[in-house]
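Close look at the chain arrangement
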Amino acid sequence: MLEGKSIDPATLELLEIAEAEGMPTAFSRCETIKPCPIGREGNCCKHCFMGHCRLVGKTTTGICGATLETVQARNFTRAAAAGSASHSDHGRNMAMTLIAVGEGKAPGFQVKDEKKLRRVAGYLGVPTDKRTTQEIALDVGKTALAEFGKQEGELLYLKRAPQKRQEIWRKLQIGPRGIDREVTEAMHRTTMGVDQDAEHILLQAMRVSLADGWGGSMLSTDISDILFGTPTPVMGAFNFGVLQEDQVNLVIHGHEPTLAELIVVMANDPDLLKYAESKGAKGINIVGMCCSGNELLMRHGVPMAGNFLQSDLIMASGAVEAMVVDYQCVMQGMQAAAEHYHTKVITTSPKAKITGATHIEFDDHRGIEIAKLIIRTAIDTFPNRKKVHIPNYIEPAIVGFSHEYIAYMQGGSYRESFRPLNDAIMNGRIRGLAGVAGCNNPHTMHDNAHVNIIKELIKNDVLVVTTGCAIAGGKHGMLTPEVMEFAGPGLREVCQAIGIPPVLHMGSCVDNSRILTVLSQCATEGGLGEDISDLPGVGIAPEWMSEKAKRSLE
Ligand code: CUV
C-alpha cells in the first residue's frame, strides 16, 4: 500500500502507523481524490456564472466566446497573482515589523545586521549619513512598505537586475509599478469580458511575477536578514529523528520568521524550562517544518523535522505537543490529524485560522509575551501524551548560504565577487547553475524528483542551489560535504577551491530572490553575457503544488 509514496524511510515508517491508527493524511486523501482533469489542465473557466464552462472535446469556447487560449491564460495569471500576493503579503508584514523596530515599539526585535540595513537603504534611496540605526530602519521600513501601494513608476529593486534585462522589461511595459497594483490588475484583466488576448494576458502574468520576485519576495528576504541576521553556513539536522522523546516538542510551520525567532529565544527561558520540568519534561525542543523551518535552520541551526508532505504526518509520532503555524502551506487536515493524538494546532496569524484549532494571535508589539504563552500551552499538553514513536532517522547538513556569503567565499570581505564562479563556467569546469525549489505533491513520489534531479545535476558538473521544500535533499545526505564524491570532477575541483559544497541550501521560498541576486551578480560580473538569460542557468520545481511556485523563479 505504501510502496511508491516516498523515498524517505522515516516518512514510510510514520505512514504505516498513521494507516494502522486511522489517522488521515494528505497521502491517504490522495488515494481517493483524483484531480479534475479539466481544471488541472486549465480548461475550466470559472470567471463568470454563465458557466462554469468546461472546454473539452468539441467545445472550444465558453458561452461568452472566450477561447481555450484565453481561458488558460486567465487561469495561469490568476494563479500567478495569488502566488505573488502570498509572498508579497509576507514581505509587507516584514516591512511593518521593521517599522515597529524603528519606532521602538517591538520589544524582542532589533536590527541584527546593520551592514545589510545600510546596503538596503542604498537600494531604496534612504539616506544613511550621520543617522542612527533606528532612524534608518524606520525609513527603510516605510520606503519598503510604500513599494506595495505605489501606483506609478517602477519598483525600486528592478535596478538590481542587469541593465539589459531592465530594458527588456521596459520595452515590453511589464516593469511592475507597485506590488498591490499588479495583483489587482491581474485580477481585473482576468475578469469576464476584460483582457481577451492570451499573449496580452500573459504579459500581466509576467508583471505580477516580477512584482513578487523583485518586489515582495526580495524585500521579505532583505528585511528578514536585517532583523534576524544574514545567514552564514551552520550545522543543521533533518528529519523526524530531531523530535525528542523526553522533551516538549514544538513544531514551527508556515512562513514568517518573526514569532518563530522569539519562540526559539524563549525556549531557553529559565521559568519556562522549570515549568516544563514540573510537567515531567526534560526540556523544550523547537523544530522547524517547511519554510519557517528553513528560516530558523539557516540562521540558528534549529533542526528541520521535515517538508510539506510530512507536516500532518509528524503528528503520528505522538510526540508533538504543539504545531505552531502562521500561514501558507498549512493543511487544514492537520487539525484532523492532531485530534487523533494530544497535539494542539496553534494558529497565530490574524489572517489565518483553522476550525477547531487553538488561536493565539501574534502581535509584534507584544511578541515576547505571546511566544511565552504559546510555549506554556505546549508544555501543558505534554502530560497528555499517549504512545510515542519517533522514527530514528536524522541526517546532518550544512545550511545557510546567502548570496552575500557565496560572494564572500569568492574573495573575502574586501574583494568579494563572482569571478571564480564565472571563470569556472567559462572554462567549462562547471557546466551550469540550477535552482531546485518548490514543494511536495502527493501525486508524485515524495522527495524522489528533488533528490534524483539534484544527484544527476551535480554528477554532470552543475552547481545546485535549493530552497523551500526542495531541501528534501537534506534528508538524503545531499547537504553534507561528503556529497562531493558524487559531483563531477570539474564541479568538485571548483567547489574545493572556493570552499563550498556542490549543493547549497539558500533558504525558504521567498529566498528564491537570493537566486535572482546571484544570477544578476554573475551576469554583471562579466564574461558570460550581459543578461540573466545569457547564463547557463535553470530553475526547477519538480514536485510543486502551491500557486506560489507557479511564479517562483520568474
Ligand atoms: Ni514557502 S510553497 S510547500 S512551504 S516549498 Fe514547501 Fe515553502 Fe512549497 Fe510551501
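Residues numbered from 1 in each chain as written. Predicted model: local features only at pLDDT ≥ 70, side-chain atom pairs only at ≥ 80, totals over all residues. Heavy atoms only, no water.

1. Observations regarding the overall build of the chain
- Looking only at helices and strands, one finds 21 helices and 14 strands in the chain.
- A globule of 554 residues ought to have a C-alpha radius of gyration of about 24 Å, and the chain, at 23 Å, matches this closely.
- With the C-alpha coordinates aligned to their principal axes, the bounding extent of the chain is approximately 65 × 65 × 50 Å.
- Across the 554 residues of the chain, 58% fall into the buried class.
- Residue pairs in contact within the chain that sit at least 24 positions apart in sequence constitute 74% of those at least 6 positions apart.
- Of the roughly 21700 Å² that the chain leaves accessible, carbon and sulfur atoms contribute 53%.
- When the 55 positive and 64 negative side-chain charges of the chain are each reduced to one mean point, those points stand 3 Å apart. (Helix = DSSP H or I, 4+ residues; strand = E, 2+ residues; numbered from the N terminus. Rg over C-alpha atoms; globule rule 2.2 N^0.38 Å. Buried < 20%, exposed > 50% of the residue type's maximum accessible area, 1.4 Å probe, protein only. Contact = heavy atoms within 4.5 Å. Areas by Shrake-Rupley, 256 points an atom, 1.4 Å probe, with all protein chains shown as cover. Lys, Arg positive; Asp, Glu negative; His and termini not counted. Charge placed at Lys NZ, Arg CZ, Asp CG, Glu CD.)

2. So, the site of the ligand
- Taken together, 13 residues surround the ligand, and among them His255, Cys329, Cys439, Cys469 and Cys509 come closest.
- Counting residues domain by domain, the shell around the ligand receives three or more from each of domain 2 (234–384) and domain 3 (401–553). (Near = heavy atom within 4 Å. Domains from an automatic or database assignment.)

3. What to know about the coordination of the nickel atom of the ligand
- For the nickel atom of the ligand, the full set of protein donor atoms is His255 (NE2), Cys291 (SG) and Cys509 (SG), and the range of their distances to it is 2.2 to 2.7 Å.
- In the primary sequence, the donor residues of the nickel atom of the ligand line up as H-x35-C-x217-C. Here cysteine 509 lies in the loop between strand 13 (503–507) and helix 20 (512–525) and histidine 255 lies in the loop between strand 4 (248–253) and helix 10 (257–266), a separation of 254 residues in the sequence. (Donors = N, O, S within 2.8 Å, 3.2 Å for Na, K, Ca; no water.)

4. Some words on the domain arrangement of the chain
- When the domains of the chain are assigned, the result is domain 1 (68–228), domain 2 (234–384) and domain 3 (401–553).
- A straight line from the C-alpha centre of domain 2 to that of domain 3 covers 30 Å.
- Domain 2 puts 17 residues into the contact, and the matching count from domain 3 is 22 residues.
- Taking both sides of the interface into account, the surface hidden between domain 2 and domain 3 amounts to around 1500 Å²; carbon and sulfur atoms contribute 70%. (Buried area = accessible area lost by both parts, 1.4 Å probe.)

5. As for the pattern of salt bridges
- Enumeration according to the criterion identifies 36 salt bridges in this entry.
- With a shortest N-O distance of 2.8 Å, aspartate 531 and arginine 165 are connected by a salt bridge. Here arginine 165 lies in helix 7 (residues 163–172) and aspartate 531 lies in the loop between helix 20 and strand 14 (537–540), a separation of 366 residues in the sequence.
- Between arginine 419 and glutamate 525 there is a salt bridge, and its shortest N-O distance comes to 3.9 Å. One end of the pair, arginine 419, is in helix 16 (residues 419–426); the other, glutamate 525, is in helix 20, and 106 residues separate them in sequence.
- With relative accessibility at 28%, the residue arginine 419 sits in the partly exposed group.
- Linked by salt bridges that have partners in common, Lys116, Arg119, Arg160, Asp222, Asp225, Glu295, Arg299, Glu404, Asp511 and Arg514 make up one network. (Salt bridge = Lys/Arg side-chain N within 4 Å of Asp/Glu carboxyl O.)

6. Section: unusual backbone geometry
- Of note, the bond from glycine 51 into histidine 52 is cis; its omega dihedral lies within 30 degrees of zero at 15°.
- Relative to the helices and strands, histidine 52 resides in the loop between strand 1 (44–45) and strand 2 (53–54).
- One non-glycine residue, asparagine 239, adopts positive backbone phi at about 95°.
- On the secondary structure map, asparagine 239 appears in the loop between strand 3 (234–238) and strand 4.
- We classify asparagine 239 as buried; its relative accessible area is 2%.

7. Remarks on helix 12 (residues 290–300)
- Of all 11 residues in helix 12, 10 are buried, a share of seventy percent or more.
- Cys290, Cys291, Ser292, Gly293, Asn294, Glu295, Leu296, Leu297, Met298 and Arg299 are the residues of helix 12 that are buried.
- Once helix 12 finishes, glycine 301 follows within two positions and takes phi at roughly 70°, a positive value.

8. Quick word on the side chain of histidine 90
- Here histidine 90 is to be found in helix 4 (residues 68–102).
- Within the structure, histidine 90 has its side chain in polar contact with the side chain of serine 220 (distance 3.3 Å). (Polar contact = N/O pair within 3.5 Å; in protein donor to acceptor, adjacent residues only side chain to side chain.)

9. A closer look at the nonpolar core
- Of all hydrophobic cores here, the largest spans 113 residues; its most connected members are Val140, Trp214, Leu250, Ile263, Ile284, Ile286 and Ile374.
- Here this core takes nine residues from helix 9 (residues 198–228), the largest share from any one element.
- With 38 residues, the next largest nonpolar core counts Ile17, Val242, Met323 and Tyr341 among its residues. (Core = buried A, V, L, I, M, F, W, Y, C linked by side-chain atoms within 4.5 Å.)

10. With respect to the packing of helix 6 (residues 133–149) against helix 8 (residues 179–189)
- Following both chains from N to C, one finds helix 6 and helix 8 inclined at 20°, their axes separated by 3 Å at the closest point. Here helix 6 is positioned roughly parallel relative to helix 8, judged by the angle of their axes. Residues Glu147, Phe148 and Gly149 of helix 6 touch helix 8, and the partners they reach there are Ile179, Asp180 and Arg181.
- Within the contact of helix 6 with helix 8, the residues separate by chemical class into two nonpolar, one polar and three charged. (Axes fitted to C-alpha atoms, helices over the stretch in contact; angles between N-to-C directions. Parallel < 35°, antiparallel > 145°, perpendicular 65-115°, else oblique. Nonpolar A, V, L, I, M, F, W, Y, C, P; charged D, E, K, R; others polar.)

11. Thoughts on the pairing of strand 4
- Buried residues dominate strand 4, accounting for six of its six residues.
- Both strand 4 and strand 5 (residues 284–289) contribute to a ladder of six bridges, which runs parallel. Along strand 5, the bridge assignment pairs valine 248 with isoleucine 284.
- Direction of pairing for strand 4 relative to strand 7 (residues 322–325): parallel, over a ladder of four bridges. Note that in strand 7 the partner of isoleucine 252 across the bridge is valine 324. (Pairing = 2+ DSSP bridges.)

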